[in-house]
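In case you want the letters, here they are:
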Amino acid sequence: MTRYVLIGSGVAAVAAAEGIRTADPDGSITIISNDPDGYYSRPGLAYLLTGEIDTQLLFPFRAQDFKRLNIHLRQAKALRIRPAEKSVEIHPAAVVAYDRLLLATGASARPLTMPGSGLQGVNKLDHLEDARRLIQLAGNARSAVVVGGGITALELVEGLIARRVTVHYILRGKRFWSNVLDESESEMIENRLRKEGVILHPQREIVEIQAKNERVGGVRLDNGEQIKCEIVAYAIGTAPRTDLAREAGILCDRGILVNETFHTNQAHIYAAGDAAQIFDPDAKKYLLDSLWSSARAQGFIAGQNMAGRSVIYQKPVSFNVTRLTGLAITIIGAVGSAENIGPVEIVRGDSESWREVPLANVAEQETEHLSVRLMVGEKQILGAVVMGAPELSAPLLTLIRDRVDITPIRDQLLTPSASIEKILLEFQRISTGV
Ligand SMILES: Cc1cc2nc3c(=O)[nH]c(=O)nc-3n(C[C@H](O)[C@H](O)[C@H](O)COP(=O)(O)OP(=O)(O)OC[C@H]3O[C@@H](n4cnc5c(N)ncnc54)[C@H](O)[C@@H]3O)c2cc1C
């Protein structure tokens, strides 16, 4: 009987268990995780913070689902991998033997490093525990400072606003998420934030977090400005958790390097999800993703391969459909442009593939509440950023993922002031016959 050991209880590990069971109904599966809350939706933490959902809704699995898959859950921290002995040392003290091992250890928020970063009231949003702490802090706070670009920082802003906390939002760059969004897209988000009462501080950095009674009392910015606050919430990027792998001699770059079957350079050891850095045949380099759907797809295939199948991962088009400042936002494929600026840092709900600059013409449509940007290649749409038109998410994903020939509508899309929304929906109607 094969012994499968999976480190981590996120979506990559659970999907790996499902993958294993498609090929091996009898092997023993042990999940080792140091998260006391086990398996839950991390993207859902944003909605918990705004108060739109209850904690219960975060859990995709019930006890009977783990039972059905015959998974043994072990709450422990993996301390060391001993590849030569095929075992993992854990805390509380024990040694767990494996025949096949998966590292699905996820990624951690990059920490703040300025003086005062260790004060009570400085918070990230990685785990359910962080969300609970923020909710508690928000109950007694009047103002908060949020720092970082990208989805999680904005989710922190919105969660705190929903809890009636005044929010100062510090942006290191000139504009919001400048390495993925273009100028008008950033502006659309920023305007909506201002309308919600958020005070934006572009091109500023926090140089010190100041204490009051040993808790956060305020921050000092690089221009000398002081802001009183009781919370500092940050999302300045993520880093794959690679310590265990590096110590065991597993090849890592920024993440744990894996081939298209999720095998690391060590026999019998695999990695998937946010912790892994995977070869992207389109970009011809190893890239990082921090996307739920990618982690799920990767874990499932890794599990099948661990159980003896030979399944090759073809990196799907990276996409995210989310809601920011009340707007449905869809990002699919390669949407980078030479003008995109800012650090190459990856954040939650983000993909490095989006920063790829495709050989394309840009088709744009913009109104006060709608923004559509398409990267139009010779015959295909290569990437899209859509704000405010959720009905375009599914058709665009199909067009981009399936590399649909858009020759019949290419010229129309690129006509200045074209109604891209209408053209796409009509094309979808004709193509599907609906
Ligand atoms: C606030 C937030 C918002 C997000 N928004 C989006 C979004 O809009 N769209 C989207 O697609 N994605 C989003 N994501 C990202 C998405 O949730 C992740 O890509 C996905 O959860 C990664 O899954 P994973 O299994 O690889 O890692 P994780 O879910 O991070 O799981 C890693 C697990 O490993 C455990 N672990 C780590 N080290 C050890 C150790 N030494 N011993 C034992 N256990 C260990 C951890 O406790 C954890 O259980 C968001 C994430 C967050 C936090």
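Throughout what follows, the structure given in this document is the object of discussion. Keep in mind that what you see is a predicted model, and the values were worked out from it rather than measured.

Let us now look at the site of the ligand. Neighbouring the ligand are 34 residues; Asn-34, Arg-42, Ala-78, Asp-274 and Trp-292 lie closest to it. Between an oxygen atom of the ligand and a main-chain N or O atom of Val-11, the distance comes to 3.2 Å. A distance of 2.9 Å separates an oxygen atom of the ligand from a polar backbone atom of Trp-292. Broken down by secondary-structure element, the contributors of at least two residues to the shell around the ligand are helix H1 (11-23), strand S2 (28-33), strand S4 (77-82), helix H5 (151-162), helix H8 (292-306) and strand S23 (319-324).

Now for the packing of helix H10 (residues 407-414) against helix H11 (residues 420-432). With their axes 10 Å apart at the nearest point, H10 and H11 run at an angle of 170 degrees to one another. Overall, the two elements H10 and H11 adopt an arrangement that is roughly antiparallel. Note on element contacts: H11 touches H10 through Ile-420, Ile-423, Leu-424 and Phe-427, opposite Pro-408, Ile-409, Gln-412 and Leu-413. Counted by class, the contact of H10 with H11 contains 7 nonpolar, 1 polar and no charged residues.

With that settled, the discussion passes to the sheet that holds strand S15 (residues 226-228). Taken in spatial order, the 3 strands line up as S13-S14-S15 in an open sheet, and their pairing is antiparallel. Each edge of the open sheet is held by one strand with a lone partner, namely strand S13 (206-212) and S15. Neighbouring strand axes in the sheet, compared pairwise and without regard to direction, differ in orientation by 30 degrees on average. For strand S14 (residues 215-221) and S15, the ladder comprises 3 bridges, and the chain directions are antiparallel. Across the sheet, the residue bridging to Arg-220 is Gln-226, located in S15.

It is worth spelling out the pattern of salt bridges at this point. Per the counting criterion, the structure on display carries 23 salt bridges. Here Asp-130 ties to Arg-133 by a salt bridge, and the two come within 3.5 Å at their closest N and O atoms. Highlighted residues: Asp-130 and Arg-133, both in helix H4 (residues 128-139), separated by 3 residues, approximately one helical turn. Salt-bridge contacts for Asp-274 lead to Arg-348; the nearest nitrogen and oxygen are separated by 3.7 Å. One end of the pair, Asp-274, is in the loop between strand S19 (269-271) and strand S20 (276-280); the other, Arg-348, is in the loop between strand S24 (327-333) and strand S25 (350-351), and 74 residues separate them in sequence. Each member of the pair, Asp-274 together with Arg-348, is buried.

Basis of the calculations
- Residues numbered from 1 in each chain as written.
- Predicted model: local features only at pLDDT ≥ 70, side-chain atom pairs only at ≥ 80, totals over all residues.
- Heavy atoms only, no water.
- Near = heavy atom within 4 Å.
- Polar contact = N/O pair within 3.5 Å; in protein donor to acceptor, adjacent residues only side chain to side chain.
- Helix = DSSP H or I, 4+ residues; strand = E, 2+ residues; numbered from the N terminus.
- Axes fitted to C-alpha atoms, helices over the stretch in contact; angles between N-to-C directions.
- Parallel < 35°, antiparallel > 145°, perpendicular 65-115°, else oblique.
- Contact = heavy atoms within 4.5 Å.
- Nonpolar A, V, L, I, M, F, W, Y, C, P; charged D, E, K, R; others polar.
- Pairing = 2+ DSSP bridges.
- Salt bridge = Lys/Arg side-chain N within 4 Å of Asp/Glu carboxyl O.
- Buried < 20%, exposed > 50% of the residue type's maximum accessible area, 1.4 Å probe, protein only.

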